[in-house]
Every structure is written in C-alpha cells, then in structure tokens.
Amino acid sequence: MAEARARVVISGNVQGVFFRSETQRASEDYDISGWVKNKKNGTVEAVFEGEEDDINAMIEWCWEGSPYSKVKNVEVSWEDYTGEFIGFEITY
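Residues numbered from 1 in each chain as written. Predicted model: local features only at pLDDT ≥ 70, side-chain atom pairs only at ≥ 80, totals over all residues. Heavy atoms only, no water.

- Under an unreviewed UniProt entry, the name given to the chain is Acylphosphatase, and the source organism is Desulfonema magnum.
- Regarding the chain, the relevant UniProt record gives this comment under Sequence similarities (unreviewed entry): "Belongs to the acylphosphatase family."
- The UniProt entry for the chain carries this comment under Catalytic activity (unreviewed entry): "an acyl phosphate + H2O = a carboxylate + phosphate + H(+)". (UniProt positions renumbered as here; feature names shortened; annotations may be inferred.)

Pasting the structure below:
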C-alpha cells in the first residue's frame, strides 16, 4: 500500500464538542499519525499520515466526528508524505 498525507479542515459545530480528542482516539483505530487542532475561525484542522486506505477511512470518519459535533464540510488537500510524526497529537 502507498503511504500518504492529507491536510483536512473540518467545519460546522466542531469546537467544544470533543472533536479533537475523538479524532485522536480514532487515529489509533486507523493507525494514523499526525496532529489535530482548533483554529480561530471555528474550524478544526488535522494532518493525517499513514496508508492511503487508512487515511481515506479517517476522512470518512471526520464527516461523522464526535457524537456531539455537526459537521458541515470536510476539505481535503493531499500533500507529500514526510514520515515526520510519531503518534497522533492534539496541538494548540
């Protein structure tokens, strides 16, 4: 399988609803490394690295998000894989 990297911006009601912590938990299910953070404009941004199929599954997960979130959109930008991450972190 091919290693890949995606930058994802999730909009909707995604802050204050445990979206970041649930994303971190889901990243373990899909063996994804990278990070997730809240942005000042009310969106959540994440970078996912791993196998392309796992990243696609993680992107699909983002459309559901945490139980209390209401996702309106998920923007995906594919980037070059770097292998720079160990694990998955919530950043600020």
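**A short note on the side chain of R5**
Phase 1: Tracing the sequence through the fold places R5 in strand β1 (residues 3-13).
Phase 2: Polar contacts involving the side chain of R5 include one to the side chain of E79, which spans 2.9 Å. (Helix = DSSP H or I, 4+ residues; strand = E, 2+ residues; numbered from the N terminus. Polar contact = N/O pair within 3.5 Å; in protein donor to acceptor, adjacent residues only side chain to side chain.)

**As for the packing of helix α1 (residues 19-29) against helix α2 (residues 52-64)**
Phase 1: Interaxial distance between α1 and α2 falls to 11 Å at its minimum, and their mutual angle equals 150 degrees. By the angle between their axes, α1 is roughly antiparallel relative to α2. Two packed elements cross with a definite hand, and for α1 against α2 that hand is right-handed. Residues F19, E22, T23, R25, A26 and S27 of α1 touch α2, and the partners they reach there are M58, W61 and C62.
Phase 2: The class makeup of the residues in the contact of α1 with α2 is five nonpolar, two polar and two charged. (Axes fitted to C-alpha atoms, helices over the stretch in contact; angles between N-to-C directions. Parallel < 35°, antiparallel > 145°, perpendicular 65-115°, else oblique. Left-handed = near helix turned anticlockwise from the far one by under 90°. Contact = heavy atoms within 4.5 Å. Nonpolar A, V, L, I, M, F, W, Y, C, P; charged D, E, K, R; others polar.)

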